[in-house]
Amino acid sequence: MDPNFLLEQVLNSLQFSMLLFLLAIGLSVVFGLMDYLNLAHGTVYMLAAYLAFSVTQAGGSFWMALLLAPIAASAIGLLLYYALLKRVEQQGHLAQVLLTVGVIYMGTDLLRIVYGDLPKGVSVPAFLEGATNVLGVAYPKYRLFIIALGLALMGVLYVLLERTRLGALVRAGVDDRDTAETLGIDIAKVFALVFAIGAYLAGLGGVVAAPVFGVYPGMDVSVIILVLIVVVVGGLGSLGGAILGSLLIGFADTFGKILLPQFAMMMIYLVMALALIFRPSGLLPARRFSQAG
Amino acid sequence: MSDVLLKVEDIQTYLGDSHIIQGVSFEARAGEVVALLGRNGAGKTTTLRSIMRMAPPRSGAVTFDGRDLRGLRTYEVARAGVAFVQETRAIFPSLSVEENLRIAVRGKSDWSVERVFDDFPHLAARRRNGGAQLSGGEQQMLAIARALVASPRMILLDEPSEGLAPIIVEQIAALLLKLKAAGMTMLLVEQNFALATEIADRAVVLGKGRVRWTGACEDLKGADDVRRTWLGV
Ligand SMILES: Nc1ncnc2c1ncn2[C@@H]1O[C@H](COP(=O)(O)OP(=O)(O)OP(=O)(O)O)[C@@H](O)[C@H]1O
Ligand SMILES: [Mg+2]
C-alpha cells in the first residue's frame, strides 16, 4: 500500500475512533453504574447535530453551536431519562432496549417533522477549512481538529475519573452500588451527573460529526450499532475499554472498507468475534464485569 | 447509658418470596455493645440489611435516635449515623486504600484519614495500592476504618473475625474494645462466641428468623440449653 495513502487512512481511522469514543464512554459508564442499556444515547447525538444546524442556520457560528447544542441535548436527554426511561430501570435489559428503541423511532420522526427528510449540512469554521500538510499528505484541517479534540477529552476524562473525588465516587458505584450507599453516597445523584456528562459528550460528538457526515434522520442508528460493538469489544464500565474499543472499531471500519469493499462490516465482526472468543467480557472492562457473565 | 439509640420493632423481611425475618425486636442503648448471635442462616445478615434498608422490611419499624427509618434510602440511613461493616468487607477494588477512606469521610469524626494511617501502619504502607491487593485482615481493618471516618453514632459489624488468623482476630478484638471504651454503640454479629461475649454487654440470639433469647452475655454463658439449641456451642 502506498505510504501516503496508508497515513491518510490511519488519520481517517483515528478521526472516526474519536467520534465513536464520544458516544461509547457515556453508554458504557451509564451501564456500569445503573446496568441501564440506553440505546437512545444515539438520539442525543442526532438531536445535537440538528440543533447545531439550527444554530448555524440562525446565523450563529460553528463555535456557538459547539458550545450550546451539546448542553441543550444533554439537558433534554436527562429530562427524557427522568420522565420516561427511568420507569424501566429495575425491569432488566430487554425492557430497556425495547423502550429506548421506541425513543429512537420517536426521536427520528419528531426531527423529521421539524426538519424534513433531506440531509442538512453544517459548515466548518473558516480557519479549519481546507487541508494542511501532515508528513507530506494533504489532510483536512477539520478532521485533525476532531482527532485533537478527542485526544484532549480522553485526557480530561482520565483526570476526572482517576484523580478527582467525583471519579472515585463513580468507580465506587460501578464496583458496588449498594456498598457505596452504605457509606452515605447518593448514587442516584452521582448517576444523574454521569448521565448528563455522557449525554453532553454524545451531543459534542453529534455537533462535531455534522460537517463530516451531514445531518439526516437515522444518523443515530448507524452509529449506535457501532458504538454498541465498541462497548462489547472494549468492555463495560471503563474508560480504558471505551478508548481501546473505539480505536479497534474505528480502524476496523476504515480499513474494512478499503480492503474488503464488498464486505465492509466483515472486519468489524471479525474483531468482535475474536474479542469475544478470547475475552468474553471485553478487553478492558471495569472489575465488576471482568468475570464472564 | 439509658437512652435507646436503635430500636427494632417486630420487623418482617422477605428475600424474594422467602419470609426470612419473622418478627424480630430488640434495642441497643447509647454506648452499649449488643451481640447478635445465631447459627448459619439464622437471619443475622438479613437483620442488619433490614436496618440499613438494603432489604427493607415489609412491616415493623426501625427507629434510630428517635427517628423512624421507614421510607429512607440506604444512603440516608448512613447519613443518619449508622455505619455498616459488611460480612464481605466490600472494599472497592477499583479504588486505592486512601480513596476507599476518603469517599466515606463525613462530618467531624474523631477518626481522620491521617489518624487511620497513624493507627494502622499496614494500611498506611498500602495507601496508594488498589483495594483488591489487600490481605483479608487488612481488608477488615480498612472496612472498620472506613466506617469510623464517617463519624457514625453506631456501627453494625457483620462477622468481623470470619476467616481471619487468630493474631488478626486479637487485633480486631482490641480495636473493638477500644471503640467500646470510647463510647461507640455497636451491634456485633459473630459466630465466634468467645469473642462476642468478651466484647458485648448483651446478646440477642436469633434462630430461624426469630429472637430466641435476650439477656446479658454473662447469663448466656450459663444458659446451656439456649447455646446448644440455637448456637451449637
Ligand atoms: N436472596 C435470597 N433469597 C432467598 N433466601 C435467601 C437469600 N439470601 C439469603 N437467603 C436465606 O435467608 C436466610 C438468612 O440468611 P442470612 O444471610 O441473613 O443468615 P446469617 O444468619 O447471616 O447466616 P451466616 O452466619 O451464614 O452469615 C438463610 O436461610 C439464607 O439461605
Ligand atoms: Mg451472615
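Reading guide: rules and limits
Residues numbered from 1 in each chain as written. Chains lettered and ligands numbered in written order. Predicted model: local features only at pLDDT ≥ 70, side-chain atom pairs only at ≥ 80, totals over all residues. Heavy atoms only, no water. Axes fitted to C-alpha atoms, helices over the stretch in contact; angles between N-to-C directions. Helix = DSSP H or I, 4+ residues; strand = E, 2+ residues; numbered from the N terminus. Parallel < 35°, antiparallel > 145°, perpendicular 65-115°, else oblique. Left-handed = near helix turned anticlockwise from the far one by under 90°. Contact = heavy atoms within 4.5 Å. Nonpolar A, V, L, I, M, F, W, Y, C, P; charged D, E, K, R; others polar. Donors = N, O, S within 2.8 Å, 3.2 Å for Na, K, Ca; no water. Pairing = 2+ DSSP bridges. Buried area = accessible area lost by both parts, 1.4 Å probe. Salt bridge = Lys/Arg side-chain N within 4 Å of Asp/Glu carboxyl O. Expected span 1.5 Å × (residues − 1). Buried < 20%, exposed > 50% of the residue type's maximum accessible area, 1.4 Å probe, protein only. Phe/Tyr/Trp six-rings, centres within 6.5 Å; stacked < 30°, edge-to-face > 60°. Lys NZ or Arg CZ within 6 Å of the ring centre and 35° of its normal. Patch = residues over 30% accessible without salt bridge, like charges linked within 9 Å, V, L, I, M, F, W, Y side chains within 5 Å. Areas by Shrake-Rupley, 256 points an atom, 1.4 Å probe, with all protein chains shown as cover. 1 Å grid on protein atoms, 1.4 Å probe; cavity = no way out; pocket = protein on both sides within 12 Å on 5 of 7 lines; lining within 4 Å. Points joined across faces, edges and corners; volume = space filled by probe spheres on them. Near = heavy atom within 4 Å. Polar contact = N/O pair within 3.5 Å; in protein donor to acceptor, adjacent residues only side chain to side chain.

Trainee: What is the right way to look at the packing of helix H2 (residues 41–57) of chain A against helix H8 (residues 187–213) of chain A in this model?
Mentor: Any two packed helices are characterised by the angle at which their axes cross and by the distance between the axes. Residues and elements named next belong to chain A. Two numbers describe how H2 lies on H8: the axes approach to 7 Å, and their chain directions differ by 50°. By the angle class used here, H2 and H8 are oblique. In the packing of H2 onto H8, the handedness of the crossing is right-handed. Together, His41, Val44, Tyr45, Ala48, Ala49 and Ala52 of H2 and Gly198, Ala199, Ala202, Gly203, Gly205, Gly206, Val207, Ala209 and Ala210 of H8 make up the contact between the two elements. Here the residues of the contact of H2 with H8 sort into ten nonpolar, five polar and no charged.

Trainee: How do you make sense of the coordination of the magnesium ion (ligand 2) when you look at a structure like this?
Mentor: Reference geometry at the metal: tetrahedral coordination by four donors gives ideal angles of 109.5 degrees; octahedral coordination by six donors gives 90 or 180 degrees. Protein ligation of the magnesium ion (ligand 2) involves Thr45 of chain B (OG1) and Glu87 of chain B (OE), the donor distances falling in the range 1.9 to 2.5 Å. Taken together, the residues Thr45 of chain B in helix H1 (residues 44–51) and Glu87 of chain B in the loop between strand S6 (82–85) and helix H3 (97–102) connect sequence positions 42 residues apart.

Trainee: Whenever I open this one, the pairing of strand S10 (residues 210–216) of chain B confuses me. Can you help?
Mentor: One face of the sheet, then the other: side chains in a regular strand alternate in exactly this way. All names here are of chain B. With six bridges joining them, strand S9 (residues 202–207) and S10 adopt antiparallel strand pairing. Across the sheet, residue Leu206 finds its bridge partner in S10, namely Val211. Connecting S9 to the antiparallel partner S10 that follows it, the hairpin turn spans two residues, and Lys208 within it adopts a positive phi of roughly 45°.

Trainee: Looking at this model, I keep getting lost on the sheet that holds strand S4 (residues 59–64) of chain B. Mind explaining?
Mentor: Sheets are built from strands paired through backbone hydrogen bonds, the pairs being either parallel or antiparallel. All names here are of chain B. The four strands lie next to each other as S2-S1-S4-S5, forming an open sheet whose pairing is antiparallel. In this open sheet, the two edge strands, each paired with only one partner strand, are strand S2 (18–29) and strand S5 (67–68). As judged from the nine bridges shared by strand S1 (residues 4–15) and S2, these two strands associate in the antiparallel manner. Paired with Thr13 across the strands is Ile21, a residue of S2. The strands that H1 touches are S1, S2 and S4; relative to S1, the one it contacts most, it runs at about 115°.

Trainee: I keep staring at the interface of chain B and chain A and nothing clicks. Help me out?
Mentor: One frequently used descriptor of interface size is the decrease in accessible area upon assembly of the parts. Each side of the interface is counted separately: chain B has 21 residues, and chain A has 18 residues. Its largest share of buried area at the contact with chain A, chain B owes to Tyr75, Phe92 and Ile103 of chain B, together 31% of the area lost on that side. The interface formed by chain B and chain A includes two salt bridges. A salt bridge links Glu181 of chain A to Arg73 of chain B; its shortest N-O distance comes to 3.3 Å. Among the secondary structure elements, those contributing two or more residues to the side of chain B that touches chain A are helix H2 (74–79) and H3 of chain B. Class assignment of the residues belonging to the side of chain B that touches chain A gives a composition of twelve nonpolar, three polar and six charged.

Trainee: What is the right way to look at helix H3 (residues 62–83) of chain A in this model?
Mentor: Along an α-helix, a turn takes 3.6 residues, which lines up residues three or four apart on a common side. Residues and elements named next belong to chain A. Its 22 residues give H3 an end-to-end C-alpha distance of 31 Å, which sits within 8% of 32 Å, the value for a rise of 1.5 Å per residue. Considered for burial, the residues of H3 that qualify are Phe62, Ala65, Leu66, Ala69, Pro70, Ala73, Ser74, Gly77 and Tyr81. Buried residues along H3 sit against H2, helix H5 (141–163) and H8.

Trainee: I would appreciate a short explanation of the packing of aromatic side chains in the present structure.
Mentor: Two descriptors summarise a pair of aromatic rings, namely the distance from one centre to the other and the angle between the planes of the rings. In total, this model carries 16 aromatic pairs over all chains according to the counting rule given. For the ring pair Tyr81 of chain A and Tyr82 of chain A, a centre distance of 5.4 Å and an interplane angle of 80° mean the geometry is edge-to-face. For Tyr81 of chain A, a relative accessible area of 1% corresponds to the buried category. Given the relative accessible area of 38%, Tyr82 of chain A is considered partly exposed. Members of the aromatic cluster, joined through ring pairs, are Tyr36, Tyr81, Tyr82, Phe191 and Phe195 of chain A. One residue, Arg58 of chain B, lies across the ring of Tyr14 of chain B, its end atom 3.6 Å from the ring centre. In this structure, Arg115 of chain B packs its charged tip against the face of Trp111 of chain B, placed 3.7 Å from the ring centre.

Trainee: What should I look at first to understand a nonpolar patch on the surface in this one?
Mentor: On the surface, a cluster of nonpolar side chains totalling about 670 Å² of accessible area is made up of Met1, Phe5, Leu6, Leu259, Leu260, Phe263 and Met266 of chain A. Its location among the elements puts Met266 of chain A in helix H11 (residues 266–278).

Trainee: Please explain the layout of surface pockets as it appears in this structure.
Mentor: Once rolled over the atoms, a probe with the size of a water molecule shows which space is left empty. Approximately 480 Å³ is the volume attributed to the largest pocket. Lining of the largest pocket is provided by 24 residues; of these, Leu161, Glu162, Arg171 and Arg287 of chain A together with Ser94 of chain B occupy positions nearest its centre. Classifying every residue of the lining of the largest pocket by side-chain character gives eleven nonpolar, seven polar and six charged.

Trainee: So what exactly am I meant to see when it comes to the site of ligand 1 here?
Mentor: Residues and elements named next belong to chain B. If you check the shell around ligand 1, you find 14 residues, and the closest are Gly41, Lys44, Thr45, Thr46 and Gln191. In this structure, Lys44 approaches ligand 1 through a side-chain N or O atom, which is 2.8 Å from an oxygen atom. In isolation ligand 1 has 640 Å² of accessible area, and contact with the protein removes 59% of it. Contributions of two or more residues to the shell around ligand 1 are made by S2 and H1. The element best represented in the shell around ligand 1 is H1, accounting for three residues. Of the residues in the shell around ligand 1, the class split is three nonpolar, seven polar and four charged.

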